[in-house]
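# Structural characterization, general
So the chains spell out like this:
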Amino acid sequence: MRIKIIPIIALILTTSHALAENSSFPVKIQGLKRQQISEIRNIIDYIKYYDPKTGYAKVYVDDDGFAMLKLLGLSPVRLADTTRQKLSYILSHARELLYYDYDEITERVHALADSFPHIVALDSIGPTVQWRWIWVLRITDNPDSAEIEPEFIYISTMHGDEIIGTHFLLWLCDSLTKLYRINSRITRLVDSVDIWVIPVMNPDGYVIGRRRNANRIDLNRNFPVPDGSIGFDGTYLIEPETRAMMEFLSSRRASMTIDFHTGALVVNYPWDFDTARAPDDSLLKVRALDYSKLNPTMFYHSHPPRPGGITNGFDWYEADGTMEDWDYHTGNNPHLIVELSVSDAPPETTLLRIWDDNYNAMLHQIELALTGLHGVVLDSQTNEPLDAQIWIDQIGRWIRTDSEVGDFHRELLAGSYSITVVANGYYPKHITGIIIPTDTSSVYLSVKLTKADTIYFSDFELDDGGLSVDTFTHNQDWAWGRVTYFPYGPDTIFWGSKLWATNPWGNYRDTSQSRLKLGINLRGVSKAALIYDEWYRFYPINWHSLPIYAHDGGNIKIIYKNDTVLVSPPWGYNFITSHYNWFIPAESVFSDDETGSPWHKAVVFLDSFCGDSITILFDFGSSNWGNNLGWYIDNIAILSPCSLYNIYESYLSPKQTVFKAYPNPFNSHISFIINQIHCEPCRLNIYDVSGKLVYTCLVKSTNEKIIWHPGNNISSGLYTTILTNSASKYIAKILYIK
């Protein structure tokens with residue numbers, strides 16, 4: 001949907017927040033140590049620049065803060081605010097210079113969409129605090145439809161006074177559109193990659209040349225922090241611009257996202273909030289170098305000085321609440337920050353040189369979206385695309401398909417990979433031996449999943465799903481119920497409002513000895529898989545001690561023929577518990593390798609235990625060193641492959657009746673299509689897992705459609721439908737999810 005320019009009543013920009021930001025001024029501090037940054041964070045307005053090697057810092061502060069810095073003995077020196085003076089002049093004379101004001105930016109993005117409708121679509125991801133549109137351009141060969149191709153996202157100016165990136169992205173869009181079908185490199189990118197460009201994320205700040213938005217919130221400290229702590233903006237409230245960006249990024253499946261800043265000359269990669277290294281640390285460093293190597297000034301003369309012109313965010317300085325961390329943590333999308341220039345407002349001649357330094361690197365990053373792992377996930381019978389998730393074992397990250405075309409894309413370095421593919425209503429598949437020869441190679445997979453029969457399912461909304469707990473000497477924490485521990489628990493409940501957790505109402509306890517168990521009958525089944533959704537946050541790992549152990553953690557075991565066997569997803573566990581764990585010491589466990597795991601699927605294949613009854617154990621243990629939010633589990637399913645899709649027949653020869661059920665799984669209703677060659681009365685019965693009849697009707701015509709709307713008293717779960725006539729019986733297993 002294209003949003004045309006809407007006249008907006010002029011707003012008074014000099015709010016109390018803006019005045020407060022206007023009252024701050026730059027100061028320099030020499031010899032500032034990293035640990036002192038946390039001490040002055042509540043005194044200063046923000047850090048503009050910091051070099052941890054020399055301790056030189058440029059910060060913005062008001063008069064009271066300046067006095068406090070003096071009292072702390074930091075000897076601050078006030079600087080002339082030349083940047084704001086330059087920005088003020090640029091914004092008031094933008095049309096006379098190379099720079100653009102917001103109205104001109106609006107005109108330019110509309111002109112691109114109007115001039116190149118075959119490759120450009122214009123939209124807005126939402127209004128700002130002061131009701132300016134945050135424009136987004138989509139540039140690809142079919143901008144109004146979904147295609148099997150990777151996505152790439154460029155974003156700029158989430159800090160309103162860092163304006164260079166806005167102009168570079170507009171110039172990039174000019175290049176992609178005006179050179180299309182003229183330059184072979186540009187043509188390949190537009191034809192092969194779905195490119196999204198947001199020139200100005202913070203239009204309100206841009207208009208007045210200030211870092212923050214109109215509510216005086218630093219948007220790059222306003223995103224949820226992966227470990228659940230409060231961001232450096234000091235609030236859990238989400239600003240309109242932040243919310244719009246979260247919704248936009250969540251709707252995309254980007255192979256890479258890059259957002260532009262100024263104030264330094266370096267490429268920054270996650271994490272910004274924690275010392276732990278990201279699961280994709282190697283990829284992120286290589287991609288950061290891929291950018292800086294094509295920018296000689298950055299590579300050889302980065303500022304602050306960094307080998308190769310790249311830096312881990314936390315190694316530079318801690319920043320909690322960045323978009324980069326949130327996007328990578330929740331969406332598993334690789335994300336980089338590129339600091340384009342030490343100066344926020346360089347002169348025009350310098351601006352053109354900086355553009356020349358970055359142009360090739362900007363194009364190359366889009367090209368790299370075509371490398372790595374690519375493919376589609378389809379229904380094995382119909383070849384319809386599936387809304388699926390793909391777990392990459394070697395990096396421990398989920399990626400998602402586009403439900404419209406079923407495609408997936410992930411940048412990966414050279415190596416051997418294995419993946420697990422999961423889709424609702426389908427039996428999961430584990431694929432090994434995927435070889436990516438080089439860091440710039442690509443591999444394409446076509447993955448087909450078969451429908452699954454559901455042996456067990458519960459979303460725990462109406463009851464506890466038949467799970468139980470065992471009690472030992474110390475604390476038992478598993479409980480079923482509604483989560484009431486916001487904002488500190490999971491930021492969202494994966495489904496509904498009830499689930500099992502080691503404590504839905506707070507932290508688990510020290511010395512926890514907690515066992516949750518589920519009995520399942522696998523007789524008559526040759527293949528089976530356990531699938532569930534989980535979220536966990538345990539007592540943090542001490543990365544500074546060797547060997548590295550987890551004091552707290554959980555794992556899964558199977559009781560089978562009087563033996564208790566430790567099982568795991570195909571990707572295994574990530575830590576061993578220490579001897580301080582009171583329940584499962586020295587065992588392989590899930591624990592926090594990135595200080596807080598987002599909601600994700602877990603899959604355990606149960607083929608080795610088929611043919612008998614088993615008990616599944618979810619064991620959790622803790623030390624007495626400290627605690628945290630714990631382990632949350634929802635939507636447990638036990639599946640087996642459906643040998644004949646989702647319908648199978650008994651005593652039928654020759655075939656005279658067609659019996660179909662769709663959609664399956666279903667939510668509000670399900671339709672049964674019954675086609676008979678001969679008009680013969682049939683009876684349709686629906687039974688729950690206990691064998692209780694919950695619905696029945698008589699089918700009298702040769703072609704009939706029956707629609708079943710389960711009542712409020714019908715719970716989520718597996719149901720068996722049986723259609724019978726004088727000669728045949730037809731059975732369909734259906735899954736109801738409220």
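Everything below is about the structure printed above this text.
Residues numbered from 1 in each chain as written. Predicted model: local features only at pLDDT ≥ 70, side-chain atom pairs only at ≥ 80, totals over all residues. Heavy atoms only, no water.

Here we take up the overall build of the protein chain. Each helix and strand counted, the protein chain has 14 helices and 40 strands in total. Counting over 738 residues, the protein chain shows a buried share of 59%. Expressed as a percentage of contacts within the protein chain between residues at least 6 apart in sequence, the contacts between residues at least 24 apart total 74%. Surface summary for the protein chain: the accessible area is close to 29,000 Å², and the carbon and sulfur share equals 53%. (Helix = DSSP H or I, 4+ residues; strand = E, 2+ residues; numbered from the N terminus. Buried < 20%, exposed > 50% of the residue type's maximum accessible area, 1.4 Å probe, protein only. Contact = heavy atoms within 4.5 Å. Areas by Shrake-Rupley, 256 points an atom, 1.4 Å probe, with all protein chains shown as cover.)

Along the chain, the position of N213 falls in the loop between α8 (203-208) and α9 (240-251). Within the structure, N213 has its side chain in polar contact with the side chain of E239 (distance 2.7 Å). What N213 contacts, discounting residues up to four positions off in sequence, is V129, N202, L219, E239 and E241. (Polar contact = N/O pair within 3.5 Å; in protein donor to acceptor, adjacent residues only side chain to side chain.)

This part is about the nonpolar core. Counting 63 residues, the largest nonpolar core has Y154, F168, I258, F260, Y291 and M362 as its most contacted members. With eight residues, helix α6 (residues 164-178) is the single largest residue contributor to this core. What I258 contacts, discounting residues up to four positions off in sequence, is F152, I153, Y154, I155, Y291, L336, V338 and Q365. Judged by nonpolar contacts, the second largest core, of 35 residues, contains L516, L530, I556 and A602. (Core = buried A, V, L, I, M, F, W, Y, C linked by side-chain atoms within 4.5 Å.)

Counted residue by residue, strand β20 (residues 452-458) has six buried out of seven residues, so it is predominantly covered. Bridging between β20 and strand β32 (residues 630-641) involves six bridges; their strand directions are antiparallel. For A452, the partnering residue across the bridge sits in β32 and is P641. (Pairing = 2+ DSSP bridges.)

Turning our eyes to something else, we now look at the sheet that holds strand β21 (residues 468-470). Strand pairing in a sheet is mediated by backbone hydrogen bonds. Such pairs are either parallel or antiparallel. Strand order across the open sheet formed by five strands is β21-β24-β31-β26-β27, with antiparallel pairing between neighbours. What marks the edges here is a single partner per strand, and that holds for β21 and β27 (563-567). This sheet shows a mean twist of 30 degrees between the axes of neighbouring strands, independent of strand direction. Where β21 lies against strand β24 (residues 513-521), three bridges are found, and the strand directions are antiparallel. From the neighbouring strand, V469 faces β24, where its bridge partner is L516. (Axes fitted to C-alpha atoms, helices over the stretch in contact; angles between N-to-C directions.)

For the pair α6 and helix α14 (residues 348-368), interaxial distance at closest approach is 11 Å and the crossing angle is 55 degrees. On the basis of their axis angle, the class for α6 and α14 is oblique. Our pair here, α6 against α14, has a crossing hand that is right-handed. Listed contacts from α14 to I164, F168, L169, W171, L172, S175 and L176 of α6 are L351, L352, I354, W355, N358, Y359, M362 and L363. (Parallel < 35°, antiparallel > 145°, perpendicular 65-115°, else oblique. Left-handed = near helix turned anticlockwise from the far one by under 90°.)

Bringing the packing of α9 against helix α13 (residues 323-331) into the picture now. Where α9 meets α13, the closest approach of the two axes is 11 Å, and the angle between their N-to-C directions is 35 degrees. The handedness of the crossing between α9 and α13 comes out as right-handed. Together, M245, M246, L249 and S250 of α9 and M323, W326 and D327 of α13 make up the contact between the two elements. Residues of the contact of α9 with α13, tallied by class, amount to five nonpolar, one polar and one charged. (Nonpolar A, V, L, I, M, F, W, Y, C, P; charged D, E, K, R; others polar.)

Within the secondary structure, K601 is located in strand β30 (residues 597-605). For K601, the side chain forms a polar contact with the side chain of D533, separated by 3.2 Å.

Taken together, four strands build an open sheet; the order of strands is β15-β14-β17-β18 and the sheet is antiparallel. The outermost strands of the open sheet, each flanked by one partner alone, are β15 (397-400) and β18 (429-436). Taking each pair of neighbouring strands and ignoring which way they run, the sheet shows an average axis angle of 30 degrees. Bridging between strand β17 (residues 415-423) and β18 involves six bridges; their strand directions are antiparallel. Across the sheet, residue G415 finds its bridge partner in β18, namely I436.

With that settled, consider the pattern of salt bridges. Following the criterion strictly, the structure yields 27 salt bridges and no others. We note a salt bridge from D344 to K48, for which the minimum N-O separation is 3.0 Å. Of this pair, D344 sits in the loop between β12 (335-339) and α14 while K48 sits in strand β2 (residues 46-51), and the two are 296 residues apart along the sequence. Each of the two residues, D344 as well as K48, counts as buried. Residue D315 pairs with R277 through a salt bridge whose shortest N-O separation is 2.4 Å. In this pair, D315 is assigned in helix α12 (residues 313-316) and R277 in the loop between β10 (266-269) and α10 (281-292), connecting sequence segments 38 residues apart. For D315, a relative accessible area of 36% corresponds to the partly exposed category. (Salt bridge = Lys/Arg side-chain N within 4 Å of Asp/Glu carboxyl O.)

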